[in-house]
Amino acid sequence: PVSAAWEKAKASGSYHFTSDVTQITIPIAKMTNVGRSSRSEQLHLEGQNDLRQNAMELRLWSNGGNVQQEAESIGVKINQGKTFVRQGVGEWQERTDFSLDTIAPQGDFMAYLVAMRNVQAHPAESRNGIHFTRYSFAIDGPTLALHLHQQMEAAMRAKGELPPGVTLEIPRYYQQMTGEGELWIDENGMPLRQVMTLQFPEQKDEQVNAQIVVDFSKFGKPVVAPSALLRTGDWRGVWAGV
C-alpha cells in the first residue's frame with residue numbers, strides 16, 4: 001500500500017504541502033568541542049511540488065516566524081536542479097550554497113520511501129471525519145544513497161554535465177544515515193501525512209538529528225504562486241490544528 005500510494009502521488013503530477021521540521025545539531029564528544037552545546041532549529045514550510053517539471057516552490061519560516069507575514073519568510077524555487085532564493089518579497093537570486101536535500105531529497109519529500117524496509121500496518125483510524133491507515137517502516141541509508149546517486153548521474157548525463165566514463169561518488173551523508181518513518185494513507189489510497197525521524201552521520205565534528213512532518217493535499221491541482229496561497233490561506237491542509 002505504501003508503494004502504491006507513492007506511485008499514485010507521482011502519477012498525479014503535483015501536490016501541495018505543509019511541513020514542520022525540527023533539526024537538532026549535537027557536537028561530537030571531542031576535546032575541540034568542549035564547552036559547545038546542542039542547538040535546535042525549527043522550520044515551517046508551505047508550498048507545492050510539480051513532479052512533472054521537477055520543480056518545487058515554497059516559503060520557509062524559521063524559529064517561530066509569523067506565517068501570515070510574507071516579509072518574515074524566505075522564498076525558495078527549485079527548477080531542474082537550480083535553486084533560487086529570495087528574502088520576503090525581494091528579488092530572486094540563484095544560490096549554489098542552499099539546499100533542501102535533507103528535507104526533500106532531489107525536491108521530493110516522498111523520495112525517502114524508495115529506501116523503506118520492514119513495513120508494518122497499524123489499525124485503521126479516523127480524525128476529523130477522515131479515515132486513514134498508518135504504515136511504519138525503517139529507512140535503509142545505503143539504498144537511499146544509491147538511488148539518489150543514480151538519479152543525479154542520469155540528470156547530469158542528460159545535460160551533458162558528466163563526461164563519458166566519469167562517475168560520481170555515492171553520497172556518504174545518506175549512505176550512513178539511519179531512521180524510521182510513517183506514512184498515513186487515506187481511504188482513496190493517497191498519502192496524507194509523512195513523519196520521518198532521521199539520524200545523519202558526523203560531519204565537521206557535529207551530528208544532526210531531524211524530525212520531518214509533511215502534510216500532503218491537492219494532488220494534481222493547478223500549480224499557483226505561493227504568494228497567492230499565502231494571501232488566501234488556501235494551503236492550510238486538512239490536518240491544520242490536529
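In this text, all values refer to a predicted model and were calculated from it rather than measured experimentally.

Moving on: the packing of aromatic side chains. One pass over the structure, following the stated rule, counts seven aromatic pairs. Here a set of aromatic residues connected by ring pairs shows up, and it is made of Tyr15, Phe17, Phe109, Phe216 and Phe219. For Lys10, the ring lying beneath its charged end belongs to Trp6, and the centroid distance is 4.1 Å. Here Arg193 stacks its cationic end above the ring of Trp184, 4.9 Å away from the centre of that ring.

An α-helical segment advances 3.6 residues per turn. Residues three or four places apart therefore align on the same side. End to end, helix 2 (residues 141–158) covers 26 Å across 18 residues, agreeing with the expected 26 Å (1.5 Å per residue, within 8%). Within the span of helix 2, buried status applies to Gly141, Leu144, Ala145, Leu148, His149 and Glu153. Considered in projection along helix 2, the buried side chains sweep an arc of 160 degrees and stay on one side of the axis. Tucked into the core, helix 2 has its buried residues touching strand 9 (130–140) and helix 3 (172–175). Just past helix 2, the residue Gly160 takes up positive phi, approximately 75 degrees.

Side chains of a nonpolar character, in soluble globular proteins, are inclined to be buried together. Membership of the largest hydrophobic core comes to 44 residues, with the highest contact counts inside it found for Phe109, Tyr112 and Phe200. Here the element with the most residues in this core is strand 12 (residues 206–217); it accounts for five residues. Setting aside residues up to four positions removed in sequence, Phe200 forms contacts with Thr102, Tyr112, Tyr173, Tyr174, Met177, Gln207, Val208, Asn209 and Ala210.

The residue Ala145 is located in helix 2 in this model. Judged by relative accessible area, which is 0%, Ala145 ranks as buried. Setting aside chain neighbours within four positions, we find Ala145 in contact with Ile170, Pro171, Tyr174 and Gln175.

In the case of a regular strand, side chains alternate between the two sheet surfaces. Direction of pairing for strand 1 (residues 14–27) relative to strand 2 (residues 39–50): antiparallel, over a ladder of 12 bridges. Bridge assignment links Phe17 to a residue of strand 2, and that residue is Gly47. Sheet topology places strand 1 next to strand 12; 12 bridges connect them, and they run antiparallel. Considered in strand 12, the bridge of Thr22 is made with Gln211.

Moving on to unusual backbone geometry. One non-glycine residue with positive phi stands out, namely Asn128, at about 50 degrees. Along the chain, the position of Asn128 falls in the loop between strand 8 (125–127) and strand 9. Backbone geometry places Lys218, a non-glycine residue, at a positive phi of 55 degrees. Residue placement: Lys218 occurs in the loop between strand 12 and helix 4 (226–232).

Within the secondary structure layout, Ser217 lies in strand 12. Among residues more than four places away in sequence, those in contact with Ser217 are Tyr15 and His16.

Next up on the list: the side chain of His149. With respect to the helices and strands, His149 occurs in helix 2. Among residues more than four places away in sequence, those in contact with His149 are Leu168, Glu169, Ile170 and Pro171.

Counted according to the given criterion, the structure contains six salt bridges. When the shortest N-O distance is used, the salt bridge between Glu125 and Arg127 registers 3.6 Å. A salt bridge links Arg193 to Asp215, with the nearest nitrogen and oxygen atoms 2.6 Å apart. Highlighted residues: Arg193 in strand 11 (residues 191–199) and Asp215 in strand 12, separated in sequence by 22 residues. For the residue pair Arg193 and Asp215, the accessibility class agrees, reading buried in each case. Salt bridges here are not isolated pairs; linked through shared partners, they connect Glu125, Arg127, Arg134 and Glu182.

Another aspect to go through is the environment of Asp108. Its location among the elements puts Asp108 in the loop between strand 6 (93–94) and strand 7 (116–121). Placed 58 residues apart in sequence, Asp108 and Asp50 show a C-alpha to C-alpha distance of 9.3 Å. Among residues more than four places away in sequence, those in contact with Asp108 are Trp6, Tyr15, Asn49, Leu51 and Met56. Within the local environment of Asp108, its side chain forms a polar contact with the backbone nitrogen of Met110, the two atoms lying 3.1 Å apart.

Thresholds applied
- Residues numbered from 1 in each chain as written.
- Predicted model: local features only at pLDDT ≥ 70, side-chain atom pairs only at ≥ 80, totals over all residues.
- Heavy atoms only, no water.
- Phe/Tyr/Trp six-rings, centres within 6.5 Å; stacked < 30°, edge-to-face > 60°.
- Lys NZ or Arg CZ within 6 Å of the ring centre and 35° of its normal.
- Helix = DSSP H or I, 4+ residues; strand = E, 2+ residues; numbered from the N terminus.
- Expected span 1.5 Å × (residues − 1).
- Buried < 20%, exposed > 50% of the residue type's maximum accessible area, 1.4 Å probe, protein only.
- Arc of directions from axis to C-beta.
- Contact = heavy atoms within 4.5 Å.
- Core = buried A, V, L, I, M, F, W, Y, C linked by side-chain atoms within 4.5 Å.
- Pairing = 2+ DSSP bridges.
- Salt bridge = Lys/Arg side-chain N within 4 Å of Asp/Glu carboxyl O.
- Polar contact = N/O pair within 3.5 Å; in protein donor to acceptor, adjacent residues only side chain to side chain.

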